[in-house]
Amino acid sequence: MAETAKIEFNGHSFGLPVLSGSVGPDVLDIRDLHAECGIFTYDPGFTSTAACRSKITYIDGDEGVLLHAGYPIDQLAEQSSFMEVAYLLLNGELPGAAALDKFSSTITRHTMLHEQLIQFYRGFRRDAHPMAIMCGVVGALSAFYHDSTDISDGYQRMVASHRLIAKMPTIAAMAYKYSLGQPFMYPDNSLSYVGNFLRMTFGVPPEPYVVDPIVERAMDRIFILHADHEQNASTSTVRLASSSGANPFACIAAGIACLWGPAHGGANEAALNMLRQIGKPERIPEYIARAKDKDDPFRLMGFGHRVYKNYDPRAKVMQATAAEVLDKLGVDDPVFDVARELEQIALKDEYFIEKKLYPNVDFYSGVILSAIGFPTTMFTALFALARTTGWVAQWNEMISDPEQKIGRPRQLYTGPAQRDYVPVEQR
Ligand code: SDX
């Protein structure tokens, strides 16, 4: 029997059911609150609001825990692969060898883009931000793949899911090639998901491209760390867009647009630019002071999190991966030293301790991506590439959830009460 919470308001007393999940905080079911007592709850930023039931990802922000279908992110990053994690997010269980092979080969066969989309790229300026291209091209997929836009058809939802996961590397690589004025590289089905992406990005037609296993493993791990993260802003955007019945390509394009913001997925680009701006450890105190100054809009990019009030477990793996990759690639980037020094100083500073600000997933990722050869403008596009798997899994879960309906929040109105129109000659 569910517990109830007693509410006393305006001389009335009534109970609201308390719902429990498998782990984590209980929730107060307020669906009947307005009908019962004519009031709304108020929660801008949704700091205390659960928008859905979900089995996909669990985060304990106080303990710094991130689980995908119960599996800790550090174990997945160390022992799994991005394709296997994609399968896990979509199906809730780790695949057997045969199932993984079937899933990977299905994804592989969806990596090509409709040839006419190449014309779509030609409409952009060469210096267009890759995220502007990603928003446009992914939204445009609904103009080309009509046979997988009917969300009431489970088969079409599956095909759209596979197409989105498969085509994001091709779309992202083409955005990079377009910015360079180099020819697009077609997918090579003999390569892994990540190997194919690296070849489409850094390969050129006149010569063979050999995938570096160190880089391939690092990118695979980076994609795992970015795959899904519960009901973050861009995932909630995808869910809200799909609640109106919009097609999957349009919903993922909405998620890409939201992820672009510097407070969210755009933080990896902003963090590396910030670290480069700091330049050397001696200048760190100046930036720490700015981050603490209420009158200065500057924030330490890659620091802080709505949910993690402890160290982001992804940042721990990312820092270790950065050290390993830079060492193996023989890259000595002073920015990495600045990042580690900045972390040490910030974590001892009263302001960051009191506000529980720790490095997040975006703090170290740029160091690795830069060492591999990506420009900072590509960082958020890579985040979107990996997060598409989580968005697609959450989208499927939402559509299959009988409790879900069109998302339509209310408000606390603070504007004028009703008044009569005043003709212009009387104003
Ligand atoms: C991602 O939600 C997810 O799961 C997102 C993500 C995912 O995988 O999907 O994890 C990916 O988006 C990671 C976060 C990337 N963003 C950044 O690194 C940008 C810098 N960080 C922030 O802007 C901020 O920390 C947020 C946006 C991440 C979280 O903001 P909140 O939860 O709304 O917290 P807040 O802005 O209310 O900050 C609380 C206090 C404030 O001070 P007071 O007003 O209480 O005095 O902490 C301060 C803030 O000023 N603060 C910072 C800070 N982050 C928060 N001060 C300096 N530097 C910072 N980075």
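A brief look at the structure comes next. Numbers given for residues are sequential positions, taken from 1 along each chain in its written order. Local features in this predicted model are restricted to residues of pLDDT 70 or higher, and side-chain atom pairs are both shown and tallied only at a pLDDT of 80 or more, whereas totals for entire chains, interfaces and linings draw on every residue. Only hydrogens and water are removed before side-chain values are computed, so all heavy atoms of the structure are retained for them.

## Structural notes on the overall build of the chain
Part 1 of the reasoning: Counting from the N terminus, the helices are the DSSP runs of H or I reaching at least four residues and the strands are the DSSP runs of E reaching at least two. Along the chain, the regular secondary structure elements total 18 helices and 6 strands.
Part 2 of the reasoning: In summary, the chain has a C-alpha radius of gyration of 23 Å against a globular reference of 22 Å for 427 residues, a match within 12%.
Part 3 of the reasoning: Projected onto its principal axes, the C-alpha positions of the chain cover 80 × 65 × 55 Å.
Part 4 of the reasoning: Relative accessible area decides the class of each residue, using a 1.4 Å probe on protein chains only: under 20% of the type maximum gives buried, over 50% gives exposed, and in between gives partly exposed. By residue count, 47% of the 427 residues in the chain fall in the buried class.
Part 5 of the reasoning: Taking the contacts inside the chain whose residues are at least 6 apart along the sequence as the reference set, 69% of them involve residues at least 24 apart.
Part 6 of the reasoning: Taken as two groups, the 39 positive and 50 negative side-chain charges of the chain have centres that lie 4 Å from each other. C-alpha atoms define the radius of gyration in this analysis, and the globule rule sets the expected value at 2.2 Å times the number of residues to the power 0.38. Between two residues, a contact is recorded if the distance between any of their heavy atoms is within 4.5 Å. Charge assignment: positive for Lys and Arg, negative for Asp and Glu; neither His nor the chain ends contribute. Note that the charge is assigned to NZ on lysines, CZ on arginines, CG on aspartates and CD on glutamates.

## Some words on the pairing of strand β2 (residues 12-19)
Part 1 of the reasoning: Strands are labelled as partners when DSSP assigns at least two bridges between them. Note that strand β1 (residues 4-9) and β2 share 6 bridges and pair antiparallel. By the bridge assignment, E8 is partnered in β2 with S13.
Part 2 of the reasoning: Note: β2 against strand β3 (residues 27-28), 2 bridges, orientation antiparallel. Paired with L19 across the strands is V27, a residue of β3.

## A short note on the pairing of strand β5 (residues 65-68)
Part 1 of the reasoning: Pairing geometry for strand β4 (residues 57-60) and β5, over 4 bridges, is antiparallel. Within the sheet, the bridge partner assigned to Y58 lies in β5 and is L67.
Part 2 of the reasoning: Between β4 and β5, which pair antiparallel in sequence order, lie 4 residues; one of them, G64, sits at a positive phi of approximately 65 degrees.
Part 3 of the reasoning: Sheet analysis places β5 next to strand β6 (residues 71-72), joined by 2 bridges and oriented antiparallel. By the bridge assignment, H68 is partnered in β6 with Y71.
Part 4 of the reasoning: Linkage of β5 to β6, two consecutive antiparallel strands, is achieved through a turn of 2 residues, within which A69 is found at a positive phi near 50 degrees.

## Overview of the sheet that holds β1
Part 1 of the reasoning: Strands sit in the order β1-β2-β3 across an open sheet of 3 strands; the sheet is antiparallel. If you trace the sheet from one side to the other, it starts and ends with β1 and β3, each paired once.

## Quick word on the packing of helix α7 (residues 154-180) against helix α8 (residues 193-202)
Part 1 of the reasoning: Where α7 contacts α8, the two axes come as close as 8 Å, and the packing angle between them is 20 degrees. As the angle between them shows, α7 and α8 are arranged roughly parallel. Our pair here, α7 against α8, has a crossing hand that is right-handed. Residue-level inspection shows I165, A166, P169, T170, A172, A173, Y176 and K177 of α7 in contact with α8, the latter providing Y193, F197, M200, T201 and F202. Only the stretch in contact is used when fitting a helix axis, every axis being a line fitted to C-alpha atoms; angles between N-to-C directions are given from 0 to 180 degrees. Roughly parallel means an angle under 35 degrees; roughly antiparallel means over 145; roughly perpendicular covers 65 to 115; every other angle is labelled oblique. Less than a right angle of anticlockwise turn of the near helix away from the far helix marks a crossing as left-handed, whereas a clockwise turn marks it as right-handed.

## Things to note about the nonpolar core
Most often, soluble globular proteins keep nonpolar side chains buried together rather than apart.
Part 1 of the reasoning: We define the nonpolar core as a collection of buried residues of types Ala, Val, Leu, Ile, Met, Phe, Trp, Tyr and Cys that are connected through side-chain atoms lying within 4.5 Å of one another. Core analysis: the biggest nonpolar cluster contains 118 residues, and Y121, M219, I256, L300 and F374 have the highest contact counts within it.
Part 2 of the reasoning: If you tally residues by element for this core, the top one is α7, at 12 residues.
Part 3 of the reasoning: In contact with I256, other than residues within four places in its own chain, are M131, M134, C135, V138, M168, A384 and W391.

## Concerning the environment of V367
Part 1 of the reasoning: Following the sequence through the fold, V367 ends up in helix α17 (residues 361-372).
Part 2 of the reasoning: For V367, a relative accessible area of 0% puts it in the buried group.
Part 3 of the reasoning: Taking C-alpha positions, V367 is 8.7 Å from A339, a pair spaced 28 residues apart along the chain.
Part 4 of the reasoning: Those residues in contact with V367, other than ones at most four positions away along the chain, are L272, A322, L326, V335 and F336.

## Overview of the side chain of S148
Part 1 of the reasoning: Tracing the chain through its elements places S148 in the loop between α6 (130-140) and α7.
Part 2 of the reasoning: A polar contact is formed between the side chain of S148 and the side chain of R163, at a distance of 2.8 Å.
Part 3 of the reasoning: Setting aside its immediate chain neighbours within four residues, S148 contacts Q156, V159, A160, R163, P248 and F249. Within 3.5 Å is the distance limit for a polar contact, defined as a pair of N or O atoms, with the added protein rule that one can donate a hydrogen and the other accept it, and that residues adjacent in sequence qualify only through two side-chain atoms.

## Focus: the packing of helix α12 (residues 267-278) against helix α15 (residues 334-347)
Packed helices, taken two at a time, are described by the angle between their axes plus the distance between the axes.
Part 1 of the reasoning: One can describe the packing of α12 onto α15 by two numbers: an axis separation of 9 Å at closest approach and a directional angle of 95 degrees. On the basis of the axis angle, α12 is roughly perpendicular to α15. Between α12, through L272, M274, L275, R276 and I278, and α15, the contact on the second element is made entirely by V335, V338, A339 and L342.
Part 2 of the reasoning: Each residue is assigned to one class: nonpolar for Ala, Val, Leu, Ile, Met, Phe, Trp, Tyr, Cys and Pro, charged for Asp, Glu, Lys and Arg, and polar for all the others, Gly among them. Partitioned by chemical class, the residues of the contact of α12 with α15 number 8 nonpolar, no polar and 1 charged.

## A closer look at α8
An α-helical turn contains 3.6 residues, so a residue and the one three or four places further along point in the same direction.
Part 1 of the reasoning: Most of α8 sits out of view: 9 of its 10 residues are buried.
Part 2 of the reasoning: When we look at burial in α8, the residues that qualify are Y193, V194, G195, N196, F197, L198, R199, M200 and T201.
Part 3 of the reasoning: Close packing links the buried residues of α8 with α3 (82-91), α4 (97-108), α7, α9 (213-226) and α18 (379-399).

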